[in-house]
Amino acid sequence: MDVRDIIATKRDGGSLSVAEIDAFISGYTAGSIEDYHASALLMGIFLNGMQPEELGHWTAAMMNSGRVMRFENLGRPAADKHSTGGVGDKASIPLAPAVAACGVAVPMISGRGLGHTGGTLDKLESIPGFCTELDGAQFERALSRVGAVFGAQTSDLVPADRKLYALRNATGLVPSMPLIASSIMSKKLAEGAESLVLDVKFGSGAFLPDPEKGAELGRQMILLAKGLKVPTRVLLTAMDRPLGLMVGHTREILESVACLEGAGPPDLRSLVCALGGEMLHLAGIADSTCAGESRIAASLDDGSALTAFENICAQQGATPGVYFDERGDPKNLDHEPFLAEQGGHLCFRDVCEVGLALADLGGGRLSEDQTIDPGVAIEWHCVAGDSVSRGEPLCTIHHRQGAGLESARVRLRQAINIGPNPSLPPLILDRFG
Ligand code: URA
């Protein structure tokens, strides 16, 4: 099959056949189709979308590009959650151990930083020794030993998403409904979870800011899961402000640990409890989402979620309690306050700029081989809607010897507005599925 014909089909708004999809996904995964051909095809999909059946075949081909796991002998249900991505979104890090502590196994294949958003894997890898590059057997062993595992796409697990994810990031092709849906669902359906909760973000820090578009993405992903009989719930949640107070790898780990200790910012705790409550309910461990939420909250307060996290760290090569090395050490960074230029209420005009400010400081990645500075961060001292006075520090920029500081400042000015009290949507706008 000539890859140029496949590209031409999408270029002209047509639908790809099963044979064309299989030829492309297997050829690209194997390396016989070049990145420039793949980029052209992704652009065609970005511009012209995909028909539901076509998207189903595309997702299945991605899922089947590596090992598809099923866990029959775990002795407990396996459930997972995935987010469409946001700024400061570290919810998976406290969520997986909390759910594991409540008796549900969590096989989690996560992603790296994408566009302006940070990746769970990059955050976890800021912990010295923490290894997420596990093959299928190591992934399975970790899950059965400690009840939850964080893995990456590898040459063994959804390799097609590993390559396409990096390519989309490098070519500005992230915010596409079929590309997001297939990327998320190929990972989730390959990892053996028996039920799924999807955290679909809306607002200026989301890839699809419009809540209606977010809901449509959620419905598409539910349809894909239905094909494989995986019960799925969608929560449509706010990304019109950063989640929590910290944006930056090491500090997001520390904020996640605070959540696991029963503390941390209220929005992070609420989201973890809501997502976890749904997961326990879908897995049949709790009679209702409300009962599930209470169990998750209890696991955060009684130390069992933290113990589960420490076990995951030890299983994946890290030392429990050691969450940063010299580069991540907050003491080794330079700090500068970012002050309010006038009094009023804090509102986020464009959350995306906060994520890009972090990237300017060195905490983001434009290509796969770029290294991330785990220590740089933006630490908020107030949240959307708070009343602030002129000259008050809104956040602290943690930078390394001024690198990227000026452009980060410019971006933060773009990110916020200080004015009348904004009317904020609820953290959880809708649930369905
Ligand atoms: N998360 C993913 O795994 N893939 C996307 O495309 C977006 C968010």
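The written sequence of each chain sets the order in which its residues are numbered from 1. Under the rules for a predicted model, residues below a pLDDT of 70 receive no local features and side-chain atom pairs below 80 are neither given nor counted, while totals for whole chains, interfaces and linings still include all residues. Values shown for side chains rest on all heavy atoms present in the structure; no hydrogens or waters enter the calculation.

1. Considering the overall build of the protein chain
- Scanning the protein chain from N- to C-terminus turns up 16 helices and 13 strands.
- For the protein chain, the spread of C-alpha atoms along the three principal axes comes to 65 × 50 × 40 Å.
- Summary of the burial criterion: residues with accessible area below 20% of their type's maximum are buried, those above 50% are exposed, and those between are partly exposed, where the area comes from a 1.4 Å probe applied to protein chains only. Each of the 433 residues in the protein chain was classed as buried or not, and the buried ones make up 58%.
- For the area figures, the Shrake-Rupley method with a 1.4 Å probe applies, and any residue is considered shielded solely by the protein chains shown. Taken as a whole, the protein chain presents about 16,100 Å² of accessible surface, with 50% of it coming from carbon and sulfur.
- Where the 37 positive side-chain charges of the protein chain centre and where its 53 negative ones centre are 1 Å apart. For helices the rule is a DSSP run of H or I covering at least 4 residues; for strands it is a run of E covering at least 2, with both sets numbered from the N terminus onward. A residue counts as positive if it is Lys or Arg and as negative if it is Asp or Glu; His and the chain ends are not included. By convention, the point assigned to a charge is CZ for Arg, NZ for Lys, CD for Glu and CG for Asp.

2. A short note on the pairing of strand S3 (residues 148-151)
- Of the two faces of S3, the one holding Ala148 and Phe150 and the one holding Val149 and Gly151 are both buried throughout.
- Here the rule is simple: two strands pair whenever DSSP picks up at least two bridges between them. Where strand S2 (residues 106-109) meets S3, 4 bridges bridge the pair, whose relative direction is parallel. Across the sheet, Pro107 pairs through a bridge with Val149, a residue of S3.

3. Focus on the nonpolar core
- Of all hydrophobic cores here, the largest spans 75 residues; its most connected members are Ile378 and Trp380.
- Among the elements that take part in this core, helix H12 (residues 266-282) stands out by supplying 8 residues, more than any other.
- Looking at this core, you find at least three residues from each of domain 2 (79-315) and domain 3 (330-419).
- Contacts are assigned to residue pairs that have any heavy atoms within 4.5 Å of one another. Not counting the four nearest positions on each side in its chain, Ile378 is found in contact with Leu245, Met246, Val247, Val354, Ala357, Leu358, Leu361, Cys395, Thr396 and Leu412. We define a nonpolar core as any set of buried Ala, Val, Leu, Ile, Met, Phe, Trp, Tyr and Cys residues linked to one another through side-chain atoms lying within 4.5 Å. Domains are outlined according to an automatic or database domain assignment.

4. What about the packing of aromatic side chains?
- Aromatic rings from Phe, Tyr and Trp, with only the six-membered ring used for Trp, were paired whenever their centres fell within 6.5 Å, and each pair was classed as stacked if the ring planes differed by under 30 degrees, edge-to-face if by over 60, and tilted otherwise. In total, this model carries 4 aromatic pairs according to the counting rule given.
- Measuring from centroid to centroid gives 5.9 Å for Phe309 and Tyr323, while their planes differ by 35°, and the two rings are tilted. Of this pair, Phe309 sits in helix H14 (residues 304-315) while Tyr323 is found in the loop between H14 and strand S7 (334-339), placing the two residues 14 residues apart along the sequence.
- Given a relative accessible area of 8%, Tyr323 falls into the buried group.
- The ring of Tyr28 carries the charged tip of Lys163 above its face, separated from the ring centre by 4.4 Å. Charge-over-ring contacts are defined here by two conditions on Lys NZ or Arg CZ: a distance within 6 Å of the ring centre and an angle within 35 degrees of the ring normal.

5. Things to note about helix H13 (residues 289-301)
- What a helix should span is 1.5 Å times the count of its residues minus one. When the terminal C-alpha atoms of H13 are compared, their 18 Å separation across 13 residues agrees well with the 18 Å that a helix rising 1.5 Å per residue should span.
- Among the residues of H13, those classed as buried are Gly292, Ile296, Ala297, Ser299 and Leu300. The buried residues of H13 occupy an angular sector of 160° when the element is viewed end-on, so they sit on one face.
- Those residues of H13 that are buried lie in contact with helix H5 (92-101), helix H11 (249-260), H12 and H14.
- Positive phi shows up at Gly303, right after H13, with a value of about 90°. Here the arc refers to the directions that run from the helix axis out to each C-beta atom.

6. Overview of the packing of helix H8 (residues 159-171) against helix H9 (residues 177-190)
- For the pair H8 and H9, interaxial distance at closest approach is 10 Å and the crossing angle is 150°. Between H8 and H9, the interaxial angle falls into the category roughly antiparallel. Seen from above, H8 lies across H9 with left-handed handedness. Residues Asp161, Tyr165 and Arg168 of H8 lie in contact with H9, whose contacting residues are Leu179, Ile180, Ser183, Ser186 and Lys187.
- For this classification, the nonpolar set comprises Ala, Val, Leu, Ile, Met, Phe, Trp, Tyr, Cys and Pro, the charged set comprises Asp, Glu, Lys and Arg, and every other residue, Gly included, is treated as polar. Partitioned by chemical class, the residues of the contact of H8 with H9 number 3 nonpolar, 2 polar and 3 charged. Orientation is described by lines fitted to C-alpha atoms, with helices fitted over the stretch in contact, and by angles between N-to-C directions that extend from 0 to 180 degrees. Small angles under 35 degrees read as roughly parallel and large ones over 145 as roughly antiparallel, with 65 to 115 read as roughly perpendicular and the rest as oblique. Put simply, a crossing is left-handed when the front helix is turned counterclockwise from the back one by less than a right angle, and right-handed when it is turned clockwise.

7. Thoughts on helix H1 (residues 3-11)
- Turning to H1, its buried residues number three or more, namely Val3, Ile6, Ile7, Ala8, Thr9 and Lys10.
- On the buried face of H1, the contacting elements are helix H2 (18-30), helix H3 (35-48) and helix H4 (52-63).
- Once H1 ends, the next one or two residues include Gly13, with phi positive near 85°.

8. A look at the site of the ligand
- Near residues are defined by distance, with any heavy atom within 4 Å of the molecule or strand qualifying the residue. Close contacts around the ligand come from His82, Ser83, Thr84, Leu114, Tyr165, Arg168, Ile180, Ser183, Ile184 and Lys187, and that covers them all.
- For the purposes of these results, a polar contact is taken to be a pair of N or O atoms within 3.5 Å, where, inside protein, one atom must be able to donate a hydrogen and its partner to accept one; residues adjacent in sequence count only when each atom of the pair is a side-chain atom. Between the ligand and Ser183 there is a distance of 2.7 Å, counted from a nitrogen atom to a side-chain nitrogen or oxygen.
- Lys187 has a polar side-chain atom sitting 2.6 Å from an oxygen atom of the ligand.
- Considered on its own, the ligand offers 240 Å² of accessible surface; in the complex 97% of this is hidden by protein.
- Elements represented by at least two residues in the shell around the ligand include exactly strand S1 (79-83), H8 and H9.
- Here the shell around the ligand gets 4 residues from one element, more than from any other, and that element is H9.

9. Here's the deal with the sheet that holds S7
- Spatially, the 4 strands line up as an open sheet ordered S6-S9-S11-S7, and their pairing is antiparallel. Only two strands of the sheet have a single neighbouring strand rather than two, namely strand S6 (246-247) and S7.
- In terms of strand pairing, strand S9 (residues 377-380) meets strand S11 (residues 393-399) through 4 bridges, oriented antiparallel. Note on S11: the bridge partner recorded for Trp380 is Cys395.
- Packing of helix H15 (residues 352-363) onto the sheet brings it into contact with S6, S9 and S11, and relative to S9 it is tilted by some 140°.

10. Describing the pattern of salt bridges
- One speaks of a salt bridge when a side-chain nitrogen belonging to Lys or Arg is within 4 Å of a carboxyl oxygen belonging to Asp or Glu. In this structure the tally under the stated criterion is 31 salt bridges.
- The salt bridge partner of Asp89 is Lys201, with a shortest N-O separation of 3.8 Å. Of this pair, Asp89 sits in the loop between S1 and H5 while Lys201 sits in strand S4 (residues 195-202), and the two are 112 residues apart along the sequence.
- The exposure class assigned to Asp89 is buried, which follows from its relative accessible area of 7%.
- On the accessibility criterion, Lys201 (2% relative accessible area) is buried.
- Arg327 is paired through a salt bridge with Asp373; the nearest N and O atoms lie 3.5 Å apart. Linking Arg327 in the loop between H14 and S7 with Asp373 in the loop between H15 and S9, this pair joins segments that are 46 residues apart in sequence.
- For Arg327, a relative accessible area of 44% corresponds to the partly exposed category.

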